[in-house]
Amino acid sequence: MGWHEMCTWPAMIAADVLRTACPYCGVGCGIVLESGPDGLRLEGDAQHPGNRGKLCSKGRTLLHAALRTDTRLLHPEMRDGRDQPRRRVPWAEAIARTAERFRAIQKRHGRDAVALYVSGQCLTEEYYLANKLAKGFLGTNNIDTNSRLCMSSAVAGHKATLGSDCVPGCYEDIDLADTWLVTGANMAFAHPILFRRLEAAKAADPARKLIVIDPRRTDTAQSADLHLAIRPGSDVALHLALGHELLRQGAVDETWISDHAAGWERLRPLLEVWSPDRAAAVCDVPAADIATAASWLAGRRWMSLWTMGLNQSSSGTDKVASLINLSLITGTVGKPGCGPFSLTGQPNAMGGREVGGLANLLPAHRSLASAADRNQVEDFWGVPRGTIPAAPGLTAVELVEALRSGRCKAVWIIATNPVASLPAALRCDEALRAAELVVVQDAYANDTLPFADIVLPAATWPEKCGSMTTSERRVHLVEAARPPPGEARPDWRIIRDVAVAMGFDAAFAFADEAAVFAEHCALTRGTDCDMSGLSHERLRRERSLQWPCPDEGHPGTDRLFADGRFPTHDGRARLWSGEPAQRHEAVDAEFPLILTTGRIRDQWHTQTRSGLVNKLVRTEPAAFCEIHPDDAAARGIGDGDLVEIVSRRGACRARARLGDGIRTGVCFLP
Ligand code: SF4
């Protein structure tokens with residue numbers, strides 16, 4: 001059966017205009033594709049509530065990347081031994097071999113001897129099928145995702161405070177806020193379209209304030225009314241001191257706390273001892289600036305926006321929870337122009353959390369630790385109770401160690417490039433070399449490909465159809481505008497076919513992506529991310545809706561918790577109280593500098609797609625290491641010199657870029 005018969009092929013041919021979405025980042029900008037005599041044309045979708053017609057440099061150049069097929073995987077391949085080259089094989093052979101080897105390894109070594117490593121790039125339907133196959137049918141929780149690297153602290157921080165992995169607000173809050181507290185996020189580069197909304201709101205009313213917390217004077221920080229260039233890792237102390245000042249300035253809403261939150265009796269004394277003076281010594285910022293920042297939050301509509309600077313940390317959960325505290329104690333969660341806002345990096349990190357696509361999650365925000373929740377999912381999938389293990393599976397980093405040690409034997413990697421993106425990269429190389437079986441399912445020939453025993457070539461944007469959820473819980477449809485090149489196929493279909501080849505025909509008898517989505521939505525019924533009112537057909541008609549959306553007449557939900565009720569057993573939010581922890585390595589004589597990382601404006605992830613666009617590559621053609629002139633002088637480094645950056649875990653080379661926009665003692669790599 002050919003691709004056209006298997007996949008939804010919507011309006012593109014018939015109407016010549018297709019509304020879809022950008023696949024790069026969690027902002028989720030709407031895109032219009034038009035086909036004309038000269039081929040496809042792309043522009044921002046003026047009707048999309050997220051971007052209102054605007055696109056950043058990456059979104060605008062998507063077609064340049066999409067039209068290049070020279071780095072695409074076009075045919076299934078496999079090899080019979082590690083000393084053999086891979087050879088092109090028919091799809092049926094690659095699917096059968098994947099299924100047979102996975103089942104054989106499980107039979108020989110137990111069900112946890114296999115793992116899937118998936119991606120926030122996956123569409124929800126693909127994510128759902130991979131998670132269903134692993135947990136419900138292979139009987140292992142060994143499915144983790146590259147979202148582990150970016151969002152797992154945010155998930156834990158949301159659950160610890162709000163009782164659920166929910167972003168309470170929406171993009172409209174950016175337009176309505178009086179003060180934005182942007183921390184650990186270079187929005188101007190990483191979430192540019194949202195930052196433009198913020199800039200427009202600020203320009204409309206100069207009394208509005210932008211506070212940026214970042215060790216570097218980023219492009220975002222340069223637009224700030226107040227930049228707190230903190231010592232890396234000292235965020236919790238700063239959050240406590242902001243809480244202290246809010247308390248001192250009478251801006252804590254104790255009535256709201258008493259009605260809607262628990263834990264104030266523990267948090268209040270902690271805030272009382274974290275004065276700005278004390279925090280200033282830890283964070284290395286002026287105490288007066290901390291007091292000023294608090295005064296710009298006090299009594300105003302304010303929101304926090306954060307991303308990897310908080311999440312990617314040994315204390316990430318503490319940082320997220322202590323930041324959300326500030327919204328809770330000011331009683332501002334769920335109100336227009338207010339609330340904590342976690343900016344997701346990947347286009348469908350949120351969708352992945354909805355399907356339970358981490359080693360410690362179940363679909364629709366259910367708890368793996370709860371027998372009732374596991375039974376509910378098992379009953380829904382029609383598998384015997386007890387199929388889903390209670391214990392969490394291997395997380396991304398644990399998976400690397402399990403493969404290295406031989407505890408795990410096989411890994412199926414879907415739409416991600418762990419050799420380039422996992423920490424301690426050399427250990428990942430060792431892990432993939434030690435594995436008995438490595439299956440790579442991807443659209444592009446990436447750094448992980450050389451380790452593959454089986455290659456499953458996948459479709460990518462704009463060749464496949466399915467849903468994604470943006471940072472504001474907005475579910476929208478990505479449409480297929482043309483067939484994939486060569487023999488590449490949509491990921492959902494590849495996963496379905498492997499599942500069927502494993503013998504799980506009945507549970508994976510999906511005719512198309514819409515049927516997968518319908519099952520996913522049905523499983524969310526009655527949960528805090530209820531999407532049972534959504535369908536592909538409705539999304540195609542209405543373009544996008546925010547969950548919860550529990551029935552077909554429901555308009556979706558812009559803000560959560562407006563009534564002050566939270567999804568905890570007593571309906572109260574939880575105030576987190578903890579002292580700043582020092583879990584990170586300290587600098588010493590051997591390793592005297594702190595290395596931070598971040599994004600550059602025009603590239604994305606490991607550059608498999610954005611690196612194909614000359615226009616994007618030209619703006620930042622080579623890696624650089626930003627370093628303060630004093631630190632550079634102490635090491636005899638000049639601007640533009642090639643330097644080697646060495647940590648306890650590895651080394652790399654880059655051109656030195658000297659500038660006083662970074663603190664002394666800190667350097668930065670993109
Ligand atoms: Fe795409 Fe993100 Fe840029 Fe929007 S902001 S166009 S979603 S990369």
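Preceding this paragraph is the structure being described.
Presented here is an overview of the structure given in this document. (Residues numbered from 1 in each chain as written. Predicted model: local features only at pLDDT ≥ 70, side-chain atom pairs only at ≥ 80, totals over all residues. Heavy atoms only, no water.)

Things to note about the site of the ligand
By nearness alone, every residue bordering the ligand is listed as Cys22, Tyr24, Cys25, Val27, Gly28, Cys29, Leu55, Cys56, Lys58, Gly59, Pro192 and Ile193. In terms of residue class, the shell around the ligand is built from 9 nonpolar, 2 polar and 1 charged. (Near = heavy atom within 4 Å. Nonpolar A, V, L, I, M, F, W, Y, C, P; charged D, E, K, R; others polar.)

Examining the pattern of salt bridges
If you walk through the whole model with that rule in mind, you get 53 salt bridges. Between Arg52 and Asp175 there is a salt bridge, with its nearest N and O atoms 3.0 Å apart. With Arg52 in the loop between strand 3 (39–44) and helix 3 (57–60) and Asp175 in helix 9 (residues 172–176), this pair connects stretches of sequence that are 123 residues apart. Judged by relative accessible area, which is 45%, Arg52 ranks as partly exposed. Residue classification places Asp175 among the buried positions, given a relative accessible area of 17%. A salt bridge links Arg482 to Glu463, with the nearest nitrogen and oxygen atoms 3.2 Å apart. Here the residue Arg482 occupies a position in the loop between strand 20 (474–478) and helix 25 (491–501), and Glu463 occupies one in the loop between strand 18 (454–457) and strand 19 (466–469), the gap between them amounting to 19 residues. A single burial state applies to Arg482 and to Glu463, both of which are buried. Connected through shared salt-bridge partners, Asp80, Arg87, Glu93 and Arg97 make up one network. (Salt bridge = Lys/Arg side-chain N within 4 Å of Asp/Glu carboxyl O. Helix = DSSP H or I, 4+ residues; strand = E, 2+ residues; numbered from the N terminus. Buried < 20%, exposed > 50% of the residue type's maximum accessible area, 1.4 Å probe, protein only.)

Considering the environment of Ala458
Relative to the helices and strands, Ala458 resides in the loop between strand 18 and strand 19. Judged by its relative accessible area of 1%, Ala458 is buried. Measuring from C-alpha to C-alpha, the distance between Ala458 and Asp491 comes to 5.7 Å, with 33 residues separating the pair along the chain. Residues contacting Ala458, with those up to four places away along its chain left out, are Arg72, Gln441, Asp442, Ala443, Ala488, Arg489, Asp491 and Ile494. (Contact = heavy atoms within 4.5 Å.)

Notes on unusual backbone geometry
Between Trp461 and Pro462 the backbone carries a cis peptide bond, its omega angle lying at 0°. Looking at the secondary structure, you find Pro462 in the loop between strand 18 and strand 19. Unusually for a residue other than glycine, Ala364 sits at a positive phi of about 55°. Mapping Ala364 onto the fold places it in the loop between strand 14 (361–362) and strand 15 (366–367). Not every positive phi belongs to a glycine, and His365 is a case in point at roughly 60°. Looking at where His365 falls in the secondary structure, it is placed in the loop between strand 14 and strand 15.

A look at a positive patch on the surface
A cluster of basic residues, Lys54, Arg60, Arg196, Lys615 and Arg618, forms a positive patch on the protein surface. Locating Arg618 in the fold gives a position in helix 28 (residues 614–618). Looking at Arg618, the relative accessible area reads 60%, which means it is exposed. (Patch = residues over 30% accessible without salt bridge, like charges linked within 9 Å, V, L, I, M, F, W, Y side chains within 5 Å. Areas by Shrake-Rupley, 256 points an atom, 1.4 Å probe, with all protein chains shown as cover. Lys, Arg positive; Asp, Glu negative; His and termini not counted. Charge placed at Lys NZ, Arg CZ, Asp CG, Glu CD.)

Here we look at helix 21 (residues 371–381)
Burial in helix 21 covers these residues: Asp373, Arg374, Val377, Glu378 and Trp381. Down the axis, helix 21 shows its buried residues gathered within 135° of arc, on one side only. Looking at the buried residues of helix 21, the elements they touch are helix 6 (124–137), strand 14, strand 15 and helix 26 (513–523). In the segment just after helix 21, Gly382 is the residue with positive phi, at about 70°. (Arc of directions from axis to C-beta.)

Concerning the sheet that holds strand 5 (residues 87–88)
Pairing is mixed in the open sheet, where 7 strands are placed in the order 5-4-18-17-16-6-7. Every other strand in the sheet has two partners, leaving strand 5 and strand 7 (143–145) as the edge strands with one partner each. Here helix 6 sits on the sheet in contact with strand 6 (114–118), strand 7 and strand 16 (410–414), set at roughly 150° to strand 7. (Pairing = 2+ DSSP bridges. Axes fitted to C-alpha atoms, helices over the stretch in contact; angles between N-to-C directions.)

A closer look at the packing of aromatic side chains
For the structure on display, the rule yields 10 aromatic pairs. When the ring of Phe137 is compared with that of Phe504, the centres are 5.2 Å apart and the planes differ by 55°; the resulting orientation is tilted. Within this pair, whereas Phe137 is found in helix 6, its partner Phe504 is found in the loop between helix 25 and helix 26, the two being separated by 367 residues in sequence. For the pair Phe137 and Phe504, one class covers both residues: buried. Summarising the aromatic geometry, the rings of Phe508 and Phe510 are spaced 6.4 Å apart at their centres and angled 85° between planes, so their arrangement reads as edge-to-face. Overall, Phe508 belongs to the buried group, its relative accessible area being 0%. Note on Phe510: relative accessible area 7%, which makes it buried. Through successive ring pairs, a cluster of aromatic residues spans Phe137, Phe504, Phe508 and Phe510. In this structure, Arg216 is placed above the aromatic ring of Phe668, and the distance from its NZ or CZ to the ring centre is 3.5 Å. Taking the ring centre of Tyr24 as reference, the NZ or CZ of Arg609 above it sits at 5.3 Å. (Phe/Tyr/Trp six-rings, centres within 6.5 Å; stacked < 30°, edge-to-face > 60°. Lys NZ or Arg CZ within 6 Å of the ring centre and 35° of its normal.)

All we've got here are geometric facts, nothing functional implied.
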